[in-house]
Amino acid sequence: MRIDENEGVSASSKHLVFAYYVTGHGFGHATRVVEVVRHLIAAGHDVHVVTGAPDFVFTSEIESPRLKIRKVLLDCGAVQADALTVDRLASLEKYVETAVVPRAEILKTEVEWLHSIRSDFVVSDVVPVACRAAADAGIRSVCVTNFSWDFIYAEYVMAAGYHHRSIVWQIAEDYSHCEFLIRLPGYCPMPAFRDVIDVPLVVRRLHKSRKEVRKELGIAEDVNVVILNFGGQPSGWNLKEASLPTGWLCLVCGASETQELPPNFVKLAKDAYTPDIIAASDCMLGKIGYGTVSEALSYKIPFVFVRRDYFNEEPFLRNMLEFYQCGVEMIRRDLLMGQWTPYLERAVSLKPCYEGGINGGEIAAHILQETAIGRHCASDKLSGARRLRDAIILGYQLQRVPGRDIAIPEWYSRAENELGQSAGSSPTFQVNENNSLVESCSDDFDILQGDVQGLSDTWTFLKSLAKLDSIHDSEKSMEKKTMRERKAAGGLFNWEDEIFVARAPGRLDVMGGIADYSGSLVLQMPIREACHVALQRNHPGKHRLWKHAQARQQAKGQVATPVLQIVSYGSEISNRAPTFDMDLSDFMDGDEPISYEKARKFFAQDPAQKWAAYVAGTILVLMTELGVRFEDSLSLLVSSAVPEGKGVSSSAAVEVASMSAIAAAHGLTISPRDLAILCQKVENHIVGAPCGVMDQMTSSCGEANKLLAMICQPAEVIGLVEIPNHVRFWGIDSGIRHSVGGADYGSVRVGAYMGRKMIKSMASSILSQSVLNSNGGHPEEIEDEGIELLESEASLDYLCNLSPHRYEARYADKLPDFMLGQTFIDEYSDHDDPVTVIDQKRSYSVKAPARHPIYENFRVKTFKALLTSATSDEQLTALGGLLYQCHYSYSACGLGSDGTNRLVQLVQGMQHNKSTTDDGTLYGAKITGGGSGGTVCVIGRNSLRSSQQILEIQQRYKAATGYLPLIFEGSSPGAGKFGYLRIRRRVSL
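These numbers come from a predicted model, not from an experiment.

**Some words on the sheet that holds strand β13 (residues 283-287)**
Sheet architecture is open: six strands sit in the order β12-β11-β10-β13-β14-β15, paired in parallel fashion. In this open sheet, the two strands that pair with only one neighbour each are β12 (265-267) and β15 (327-329). The average undirected angle you get between the axes of adjacent strands in this sheet is 25°. Strand direction decides the pairing type here: strand β11 (residues 249-252) and β12, joined by three bridges, are parallel.

This is the structure:
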């Protein structure tokens with residue numbers, strides 16, 4: 001389309017030549033450059049565009065001899081593994097290949113070219129080397145952008161290794177050569193730029209009306225239309241007719257010519273003018289980028305978006321969308337499964353309210369023209385303060401890890417107005433799952449101590465907490481099954497007093513599992529799902545008691561005494577009582593705490609309230625082990641998103657969160673490791689479940705997106721293992737309830753301890769015989785056997801300290817497959833396990849339970865070493881093979897199940913399916929934790945294809961069993977990393 005040369009920017013008396021460099025990251029930068037270039041050409045200037053984008057992006061909008069296109073790519077942007085995943089390491093490596101290795105030649109070539117075209121001014125969106133080339137050529141330059149590559153790559157360097165850090169320094173140094181930054185709304189922190197001028201949204205203009213577009217496409221006005229805008233990525237997706245609400249139509253951008261679409265999906269032409277299509281639609285479904293966001297806002301089209309991994313520009317753009325009521329977030333899983341209807345229906349109910357300017361292209365062009373002819377447009381006033389703010393936010397942003405959302409402080413955008421500058425971005429709030437949620441929580445509570453750390457589930461918990469004091473007003477809207485627990489929680493706290501909040505996640509057992517109680521190295525990942533506990537201390541005289549607790553104290557003739565009251569959400573799911581209360585004096589026997597055995601019997605009296613042992617038991621352990629005495633009443637609200645019976649340590653999460661909250665409220669300083677060991681005592685001695693310590697250690701000491709490496713002798717953390725960028729772990733629930741208190745787990749543990757006792761006895765016998773032989777004149781036998789080795793085996797504390805080769809050489813063929821409990825007791829007296837008891841009438845498997853931890857320890861060490869090896873299919877295959885070995889060893893112990901076996905077989909089938917592409921393969925799976933059901937851990941390549949395969953396994957499992965498994969993905973910080981919150985309810989004036 002030919003442009004009007006008298007439109008937009010006023011013509012300059014001086015003809016100028018602009019060199020405009022465009023980054024190679026997607027079409028979005030090129031499309032917004034079109035708007036600025038269009039106005040520069042309209043003002044009578046020549047513009048040489050340096051780009052890797054197709055010519056039609058520019059020529060479809062600008063037909064003028066003053067537009068010159070030079071096809072050169074000087075940077076690479078972010079390399080995407082698929083539509084929704086950025087490959088951080090590949091991005092850095094590609095940038096090195098594109099811009100670092102040939103840097104000297106690039107600078108020489110660009111300087112010569114700028115002189116050859118007699119460039120008056122250089123503009124960059126946002127190619128770093130262009131600024132340095134301009135400086136070397138003696139030409140002034142300006143950048144136009146909402147983000148810079150030093151900001152984007154800085155987080156990649158944090159993940160990929162500091163040997164790449166010189167890339168970021170060089171990019172920032174290049175940017176510093178430009179005079180100032182023309183900053184677009186939705187901006188990220190960019191401290192490299194000396195000064196800033198803010199402009200409105202740069203948006204492509206419309207060519208046709210909504211009515212004209214729909215008429216051309218043959219779509220009636222009353223038909224709801226969604227435009228699917230993921231670039232060229234949908235070409236490989238399986239689009240489904242049932243994805244859309246009845247009567248809807250979907251217009252697909254980027255579909256391949258050969259792709260077959262359902263009847264309610266329409267393929268758009270490759271060169272279709274997207275802004276017209278968006279404006280003619282009722283909503284858009286796609287990934288967030290500057291172009292899609294700016295067009296959705298300006299045309300007031302609701303945008304259903306799916307987050308991209310490691311796309312660091314996204315939170316700032318998402319913030320704008322949600323602030324102007326223009327965005328609805330869709331879960332990635334629902335995108336792939338075709339569950340679009342609720343999101344689309346929600347989107348069309350929105351009323352987008354962006355009323356800001358959309359002439360940023362015209363204003364930017366005017367600024368560039370005026371600067372090029374010598375007029376001073378920028379100001380150095382307060383530039384130092386702006387750069388400091390950007391630097392702070394840049395550092396804050398780098399704290400992001402998977403499972404933890406980015407929190408953008410409110411003051412970041414407010415500061416512009418407070419300092420008297422015009423803000424170019426929308427008002428900014430915390431970026432979480434729901435901005436209104438965060439804003440509301442900030443209004444509900446003063447956070448006196450601690451940091452929410454951007455965790456959306458914590459914000460949700462605080463919001464639910466805030467609603468409790470108005471619970472009676474909302475009783476009609478509550479379901480009957482939740483009304484009782486919510487009403488009980490509503491009367492739990494005195495809102496004028498402080499409340500302490502702790503958080504502890506569940507865990508995915510990647511490697512180690514049941515070998516923990518035998519001293520193995522284990523690798524555990526804290527999952528996204530977590531338990532929150534809110535606790536308040538009250539003087540007994542001020543405590544708001546439930547009526548039955550008041551009646552109990554009156555019947556005892558007591559004055560006000562400390563009382564423990566607990567409300568647990570989710571009681572309807574597990575068919576248990578939602579509340580529990582007791583006098584804390586019941587934990588005392590005279591001046592001393594009652595025994596753990598007595599406490600276990602106390603909580604076992606009522607099966608509906610046995611769950612309270614996990615929470616209240618932490619109090620007794622603190623009393624017994626640390627001598628703590630509780631003079632105040634305690635009110636606890638427990639809300640756990642870690643599902644029970646799935647093998648992901650729901651009990652450990654409750655124990656760790658409860659003890660963390662109690663410790664915080666009483667000023668107790670307990671290290672995360674020590675707290676985990678104390679929580680293990682709760683489960684072993686009060687609950688009566690013979691678990692190892694790895695669950696509590698992971699919940700307490702873990703960090704997001706890292707594997708906790710721990711040697712369970714008894715609990716020595718040896719480090720945190722980074723999960724490589726190309727590796728991802730999932731948990732898939734089999735639907736078969738798992739319990740470490742079950743008979744299978746306990747009998748296998750008994751068998752392992754029996755085997756250890758037998759090995760020690762055999763080693764002692766060999767050692768004694770060797771000594772006798774030595775005294776009889778055969779010292780060579782001692783030398784052959786190794787007296788020190790025998791001595792260590794005779795005093796073996798943990799089975800995992802026995803190497804596999806030593807086990808096979810000396811003991812494997814001597815251990816019995818099975819042994820009757822009575823027979824073992826007659827010969828060995830006891831198995832020396834403090835948390836299990838031998839049933840004399842039961843036959844126990846011995847060889848397999850003893851063999852498993854010896855080999856598992858070796859497998860875990862190998863797995864840990866492989867994680868840090870070179871990236872290759874062989875590496876992933878080897879890692880997956882170790883998971884398979886572990887799974888079948890569980891089965892040999894008797895800890896398998898039909899459900900978990902089926903899931904592992906589905907993974908194997910997916911892995912070895914010849915039609916499966918190399919990109920996105922699953923490599924291995926294993927049963928986790930205590931076995932006998934629960935969750936399977938899967939390892940695969942970190943890609944969208946792998947996620948699709950996980951969802952396919954989920955559907956196949958449902959087809960075979962009728963049960964739709966839960967999928968665990970993502971990670972979050974442990975209780976120690978989270979700390980605690982000290983909050984107080986704000987009083988309404």
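Next, the rest of the story.
**Regarding the sheet that holds strand β6 (residues 121-125)**
Pairing within the open sheet is parallel, and its seven strands lie in the order β3-β2-β1-β6-β7-β8-β9. Strand pairing shows two members of the sheet lacking a second neighbour, β3 (67-71) and β9 (196-198), which therefore form its edges. With direction set aside, neighbouring strand axes in the sheet form an average angle of 20°. As judged from the five bridges shared by strand β2 (residues 46-51) and β3, these two strands associate in the parallel manner. Residue T51 lies in a different strand from β3, and its bridge partner there is K71. Sheet strands in contact with helix α5 (residues 128-137) are β1 (17-22), β6 and β7 (141-145), and its direction is about 165° off that of β6. Sheet contacts for helix α14 (residues 360-372): β1, β6, β7, β8 (181-183) and β9; angle to β6, the most-contacted strand, approximately 150°.

**Here we look at the pairing of strand β29 (residues 922-927)**
The element β29 is extensively covered by neighbouring structure, given that six of its six residues are classed as buried. Where β29 and strand β30 (residues 935-941) come together, five bridges link them in antiparallel fashion. Within β30, the position partnered with L922 by the bridge is G940.

**Digging into the pairing of β6**
For β6, a buried count of five out of five residues is recorded, marking the element as mostly surrounded by other parts of the structure. By the alternation rule, side chains of β6 split into F121, V123 and D125 and V122 and S124, which are all buried. Sheet topology places β1 next to β6; five bridges connect them, and they run parallel. Among the inter-strand pairings, V22 is bridged to a residue of β6, identified as D125. The sheet contact formed by β6 and β7 spans three bridges and is parallel. Along β7, the bridge assignment pairs V123 with V142. Following the backbone out of β6, through α5 and into the adjacent parallel β7, one traces a crossover that is right-handed.

**What to know about the packing of aromatic side chains**
Per the counting criterion, the structure on display carries 21 aromatic pairs. Measuring from centroid to centroid gives 4.9 Å for F323 and Y324, while their planes differ by 85°, and the two rings are edge-to-face. F323 gets classed as partly exposed once you look at its relative accessible area, which sits at 28%. Taking relative accessible area as the criterion, Y324 reaches 15% and is therefore assigned buried. Relative to F863, the ring of F729 has its centre 6.4 Å away and its plane inclined at 35°; by these criteria the two rings are tilted.

Cut-offs used in this document
Residues numbered from 1 in each chain as written. Predicted model: local features only at pLDDT ≥ 70, side-chain atom pairs only at ≥ 80, totals over all residues. Heavy atoms only, no water. Pairing = 2+ DSSP bridges. Helix = DSSP H or I, 4+ residues; strand = E, 2+ residues; numbered from the N terminus. Axes fitted to C-alpha atoms, helices over the stretch in contact; angles between N-to-C directions. Contact = heavy atoms within 4.5 Å. Buried < 20%, exposed > 50% of the residue type's maximum accessible area, 1.4 Å probe, protein only. Right-handed = clockwise from strand over helix to strand, strands pointing away. Phe/Tyr/Trp six-rings, centres within 6.5 Å; stacked < 30°, edge-to-face > 60°.

Note that every value here comes from positions in space, so none of it alone points to a role or purpose.
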